[in-house]
Amino acid sequence: MEPTNVNDPEYYHKVVDCQYACPAHTPVPEYIRLIAAERYTEAYMINWESNVFPGVLGRTCDRPCEPACRRGRVEEEPVAICRLKRVAADNKGDVKNLIPKAPKQGNGKKVALIGAGPASLTVARDLAPLGYEIHVFDEQIKGGGMMRSQIPSFRLPEAVLDEEVNNILDMGIHTHFKTYVSSLKDVLAKDYDAVFVGTGAPRGRDLSDLQGRKEGAANIHIGIEWLASVAFEHTSKIGKNVIVLGGGNTAMDCCRTSRRLGGENVKVVVRSPFTEMKASPWEKEDAMHEDIPILDNHVPKSFVVENGQLKGMTFEKVHAVYDEKGKRSLVSTGEDHVFIEADDVLVAIGQENSFPWIERDLGIEFDKWEMPKVDAVTFQSTNPKVFFGGDAALGPKNVITAVAQGHQGAISIDLFCQGKSLADRPAPFTNLISQKMGIHEWSYDSVVANDHRFVVAQADKTITLKDRKKEVELGFNKLEGFKEAQRCLNCDVQTVFTVNRCIECDACMDICPTSCITFTDNGTEEDLRTRLMAPALNLEQDLLVSGTLATGRVMVKDEDVCLHCGLCAERCPTSAWDMQKFFYNVTKAHHGCQTA
Amino acid sequence: MTYIRPTFRHPNLPKNKINYTKKDYEGALSTLCAGCGHDSISGAIIQACFELAIEPHRLAKLSGIGCSSKTPAYFLGNSHGFNSVHGRMPSVATGAYLANRDLVYFGVSGDGDSASIGMGQFVHAIRRNLNMTYIVMNNGCYGLTKGQDSATADAGSISKAGSTNLFNAIDLVGLGLELGATFIARSFSGDKTQLIPLIKAAMSHPGFALIDVISPCVTFNNNTGSTKSYDYVREHIEATSTIDFVPTMEEITTSYEEGDSKEVALHDGSVLNLQKLNQGWNPEDKLSAMIALQNAKTKGEILTGLIYIEPKTQSLHEVLGTCETPLNELKEDLLCPGQDALEALNQSLR
């Protein structure tokens, strides 16, 4: 193999598994160390710069970082990254004076943001401090979008959301709430220099063709609409027997909300097998903890309506069959259809984009699924003035993805308004600094803690089921937060190898607790992976290969289960190994990144 | 600070025949200097014992005093150990070996421990052909007392302080040949591909197996002008042969060109497969071994690899015809067979 090019910022970035997996590339280990040091405000601000809504995400994030966490490959459970973020948010000091304001003198450019969800608010936050005049339009009375309408208060208290939304709106954003935008043409006719569409995926899928759907309509609700109706206090009760259809996180929010509005006998009924449900495992656990059974392998067949009143639903029992390509089909078991009693049914089987308010003659091309054609890097549509982000851009995902897209949209809008090429994306900010303090001292806590993942305490369900605004999770306290933070392996403290300093004493190879380092003859990657101290079977993890050493061999390090304990560097007599902290931050829209 | 070694290990660590991973052969975290050759040798011992699938509780580590003799703390943490008085490890080994021939004996010594204070003991252990592996971690200096020249420092070698050694070195390999050691090898801590099979072969040998391992002292003897530095040894190293250790019952798959290869069958059925690099050398012919050694010395080369082996040797127990059962397993009825046995014995002597 050729020597690894560690000058490519993406090499070391990839070693920081959590950060690499995060759509916004939040510098996770950096803020976890700050939490351990009780520097909650700094930890919060690192998050805020990157993901804009640390308090919200610390409670509700889909956490793509956690399945990626190296700790999960070394022992059983990853670090509780998401809930540590909440520790920072819960314990932070006053951050108002750390948040930038819009300059008194604007730059003369106006941008309209349609929808006040996480994508639009991210664009607002990135552009307002640069002098842009930002106008946000939303049909609701407050900002937040689906974070407000679809995430129930028992998971995300309103005060937390209000604070983080207002931190942005207080920058001097012009808000136009209770204003439904019914025509993009009208918006474009005004003097905006650019328009950003962050209207989410507002349409819940329905079972329109199912028998009894029309007759039982009064007691059949679309999940996301019903959740919004609860959030804005138009709905305050539901029947005793409730069926929630669907296996995603919206279904979990629907069933748990039902339990708080009078639902005593609430069931989740889902087509797919339990293990293949789309909901996050922890959300399924939380639902079952609130005495909500999940019936899998049940396909809805009809709504049963008697005398104009919904009585329940019938289901066909199925099992999953997989063809040789792994494609799943649900095949009937041949048993009789099952009847399940219900006073109300919530349909939470997915959501779709919907752009009835965008005229089709504005130069915005739509594909055969009625989705606008949006560049996946610049988020520009085929009308150069119109940008998309969040669920509206590339289909429904999650808050953290919307934020990441918002950042890129803001960069594009800024470049567009300054007459620059959108292809000229700013490079990430990187920094690589030795952590050596002395013979046995590093400026990070290199000892690997043996603790298993700590469990986040929950409030008693006799209390939480009575009040839909009572937050269920209590969060880690400071001590638990410290202990959980210590489980982090500091993957951003990189093992940096300098080939011409190595005297090939083998000390690093002998000491490495996880047998990552091998000195051997060079070969192809496929061959090398079989010849290491322990076979490098995880092909997603790179090999760090040195240049040729004095004896003709090379140093090969499998990054897979490196504990970043620093023992290689400590046992190295010539500092050929050093532990160096790699800080990687996605550059946001700012004029520092422009040449003129 | 990382004095503490993490407890996590690679989830796919290979297992040996008795289902152990290398972790089961590790010891405490070394306190020797970073980059010490001795730590590499410890690593090679761990690897060799793992590959030989030795049950750790069947092995006894014995050592004297010195940096080298500290190392048994850093490997085979589940084995027996005896850290003896300076230079007296051979006596302790002799006693232990006579008391219990069932254990595998592994002696670790240094150039000071063996070539100076313990020389009188060392030579008698060779003469008696104890069934043990005897590793000398040879760095040519007294590292524990700040690097004075030892008895194995070559004449002309320059110390870190700049003084030149005026005295000739004691060559432990030459000494071993002269005294009749039945397995003699030299190796280098920086060459595990050679050292590991040598250790495995030594442990399979039924008599006294000496391995003199040149092991650079990174702190006091790794300077320019030293003949025991990493750089100097790498530049001057020569090998008698490459060496493959093929355990019992395993098919030999490597094939060498005729004339250059040599197989040595060991008493336990394992085979040493040697690819000769040194013309005229035959590992079972002591004279050719001595000539190869002297030739290398004349040329200023460091001859490594297997130097001499006498595979069908008789160990001390066989020579003395001693009891096969370890003394601690001899029960009272055997040790005190009673009046009748005494009578019979007395009768036989009349």
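Residues numbered from 1 in each chain as written. Chains lettered and ligands numbered in written order. Predicted model: local features only at pLDDT ≥ 70, side-chain atom pairs only at ≥ 80, totals over all residues.

So what exactly am I meant to see when it comes to the overall build of chain A here?
Across its full length, chain A holds 22 helices and 24 strands. C-alpha extents for chain A along the principal axes are approximately 90 × 65 × 45 Å. Taking all 596 residues of chain A together, 48% fall into the buried category. Sequence-distant contacts, at least 24 apart, represent 72% of the contacts inside chain A between residues at least 6 apart. (Helix = DSSP H or I, 4+ residues; strand = E, 2+ residues; numbered from the N terminus. Buried ≥ 20, exposed ≤ 12 C-beta atoms within 10 Å, placed from the backbone. Contact = placed C-beta atoms within 7 Å.)

When you look at the overall build of chain B in this model, what are you seeing that I'm missing?
Assigned secondary structure in chain B consists of 12 helices and 13 strands. Here chain B has a C-alpha radius of gyration of 21 Å; the compact-globule value for 350 residues is 20 Å, and the two agree. Summarising its shape, the C-alpha atoms of chain B cover approximately 75 × 55 × 45 Å along the three principal directions. Taking all 350 residues of chain B together, 49% fall into the buried category. Sequence separation of at least 24 residues holds for 70% of the intrachain contacts in chain B that already meet a minimum separation of 6. (Rg over C-alpha atoms; globule rule 2.2 N^0.38 Å.)

Explanation requested: the packing of helix H14 (residues 249-260) of chain A against helix H15 (residues 281-289) of chain A in the structure shown.
Residues and elements named next belong to chain A. Where H14 meets H15, the closest approach of the two axes is 10 Å, and the angle between their N-to-C directions is 20°. As the angle between them shows, H14 and H15 are arranged roughly parallel. Crossing geometry of H14 relative to H15 is assigned as left-handed. Across the interface between the two elements, Asn249, Met252, Cys255 and Arg256 from H14 touch Glu283, Lys284, Asp286 and Ala287 from H15. Residues that form the contact of H14 with H15 fall into these classes: three nonpolar, one polar and four charged. (Axes fitted to C-alpha atoms, helices over the stretch in contact; angles between N-to-C directions. Parallel < 35°, antiparallel > 145°, perpendicular 65-115°, else oblique. Left-handed = near helix turned anticlockwise from the far one by under 90°. Nonpolar A, V, L, I, M, F, W, Y, C, P; charged D, E, K, R; others polar.)

Looking at this structure, how should I read the UniProt feature "domain: Thiamine pyrophosphate enzyme TPP-binding" (unreviewed entry) in chain B?
The positions UniProt marks with the feature "domain: Thiamine pyrophosphate enzyme TPP-binding" (unreviewed entry) are residues 65-213 of chain B. A distance of 17 Å separates the end C-alpha atoms of residues 65-213 of chain B, which is 34% helix and 23% strand. (UniProt positions renumbered as here; feature names shortened; annotations may be inferred.)

Would you take a moment to explain the interface of chain A and chain B for this structure?
How big an interface is tends to be stated in terms of accessible area lost as the parts join. Each partner contributes residues to the interface: chain A has 31 residues there, and chain B has 25 residues. Of all elements in the fold, only helix H20 (507-511) and helix H22 (567-571) of chain A reach the threshold of two or more residues within the side of chain A that touches chain B. Here the residues of the side of chain A that touches chain B sort into 17 nonpolar, seven polar and seven charged.

How do you make sense of the nonpolar core when you look at a structure like this?
Note on soluble globular proteins: their nonpolar side chains tend to be buried together. By size, the foremost hydrophobic cluster in this structure holds 214 residues, and its most contacted members are Ile35, Leu113, Ala124, Leu127 and Phe196 of chain A together with Ile199 and Phe208 of chain B. Here the element with the most residues in this core is helix H17 (residues 399-417) of chain A; it accounts for 10 residues. When neighbours within four sequence positions are excluded, Ile199 of chain B is seen to be in contact with Ala44, Ile45, Ala48, Thr133 and Ile211 of chain B. Leu227, Phe303, Met313 and Ile349 of chain A belong to the second largest nonpolar core, which has 35 residues in total. (Core = buried A, V, L, I, M, F, W, Y, C linked by C-beta atoms within 7 Å.)

What should I look at first to understand the pairing of strand S24 (residues 577-585) of chain A in this one?
Residue and element names in this part refer to chain A. Taken together, the six bridges between strand S17 (residues 429-434) and S24 define a ladder with antiparallel strand orientation. The residue of S24 that forms the bridge with Ser434 is Gln580. For strand S20 (residues 493-497) and S24, the ladder comprises five bridges, and the chain directions are antiparallel. From the neighbouring strand, Thr495 faces S24, where its bridge partner is Met579. (Pairing = 2+ DSSP bridges.)

It is not clear to me how the sheet that holds strand S23 (residues 554-558) of chain A should be interpreted in this structure. Could you clarify?
Strand pairing within a sheet occurs via backbone hydrogen bonds; the two strands may be parallel or antiparallel. Residue and element names in this part refer to chain A. Spatially, the three strands line up as an open sheet ordered S21-S23-S22, and their pairing is antiparallel. In the strand order of this sheet, the two ends are held by strand S21 (517-520) and strand S22 (543-545), each with one partner. Neighbour to neighbour, the strand axes of the sheet diverge by 25° on average, direction disregarded. Note: S22 against S23, three bridges, orientation antiparallel. By the bridge assignment, Leu544 is partnered in S23 with Lys557.

Can you walk me through the domain arrangement of chain A in this structure?
Residue and element names in this part refer to chain A. As far as domains go, chain A holds domain 1 (100-202 + 353-417) and domain 2 (204-349). Placing the centre of domain 1 and that of domain 2 at their C-alpha centroids yields a distance of 32 Å. Each partner contributes residues to the interface: domain 1 has six residues there, and domain 2 has nine residues. In terms of residue class, the side of domain 1 that touches domain 2 is made up of three nonpolar, two polar and one charged. (Domains from an automatic or database assignment.)

Would you mind going over helix H3 (residues 89-99) of chain B with me for this structure?
What sets the pattern is the α-helix's 3.6 residues per turn: residues three or four places apart point alike. Residue and element names in this part refer to chain B. Of the positions making up H3, those classed as buried are Met89, Pro90, Ala93 and Tyr97. What you see down the axis of H3 is that its buried residues fit within an arc of 90°, all on one side. Residues of H3 that are exposed and point more than 90 degrees away from the buried face comprise Gly95 and Ala99. Here the buried face of H3 lies against strand S1 (59-63), strand S3 (104-110), helix H5 (119-128), strand S4 (132-138) and helix H10 (316-320). (Arc of directions from axis to C-beta.)

When you look at the environment of Ala28 of chain B in this model, what are you seeing that I'm missing?
Residue and element names in this part refer to chain B. Mapped onto the secondary structure, Ala28 falls in the segment before helix H1 (37-52). With 10 C-beta atoms packed within 10 Å, Ala28 lands in the exposed category. When the C-alpha atoms of Ala28 and Leu52 are compared, they prove to be 21 Å apart, with 24 residues separating the residues in sequence. Non-local contacts of Ala28, meaning those with residues more than four positions away in its chain, are made with Ala73, Tyr74 and Gly77.

How do you make sense of the sheet that holds strand S12 (residues 271-276) of chain B when you look at a structure like this?
All names here are of chain B. An order of S10-S12-S11 is seen for the three strands of this open sheet, with the pairing classed as antiparallel. The open sheet has two edge strands with one neighbour each: strand S10 (241-246) and strand S11 (261-265). Pairs of neighbouring strands in the sheet enclose a mean axial angle of 20°, with direction left out of account. Across the sheet, helix H7 (residues 192-204) touches S10 and S12, and the angle it forms with S10 is around 50°.

In this structure, what is going on with H17 of chain A? I would like to understand it.
Residues and elements named next belong to chain A. Its 19 residues place the ends of H17 26 Å apart at the C-alpha level, agreeing with the 27 Å of an ideal helix rising 1.5 Å per residue. Burial runs high along H17: 18 of the 19 residues are buried. Just beyond H17, the residue with positive phi is Gly419, at close to 75°. (Expected span 1.5 Å × (residues − 1).)

What is the right way to read the confidence of the model for chain B from this model?
Any residue range with low pLDDT should be treated as having predicted coordinates unsuitable for detailed reading. Per-chain confidence: chain B averages 92 in pLDDT, with 96% of residues scoring 70 or above. Both confidence scores are given for the complex: pTM 0.89, ipTM 0.88. (pLDDT = per-residue confidence, 0-100.)

Explain the packing of helix H13 (residues 223-231) of chain A against H14 of chain A here, please?
If you want to describe how two helices pack, look at the angle between their axes and the distance between the axes. All names here are of chain A. H14 packs onto H13 with a crossing angle of 45° between their chain directions and a minimal axis gap of 10 Å. Taken as axis vectors, H13 and H14 run oblique relative to one another. Where H13 crosses over H14, the two elements pack in a sense that is left-handed. Along the contact surface, H13 presents Gly223, Ile224, Trp226, Leu227 and Val230, while H14 presents Thr250, Ala251, Asp253, Cys254 and Thr257. Residues that form the contact of H13 with H14 fall into these classes: six nonpolar, three polar and one charged.

How should I be thinking about the environment of Pro573 of chain A in this particular structure?
The topology assignment puts Pro573 of chain A in the loop between H22 and S24. Considered as a pair, Pro573 of chain A and Cys508 of chain A are 65 residues apart in the sequence and their alpha carbons are 9.7 Å apart.

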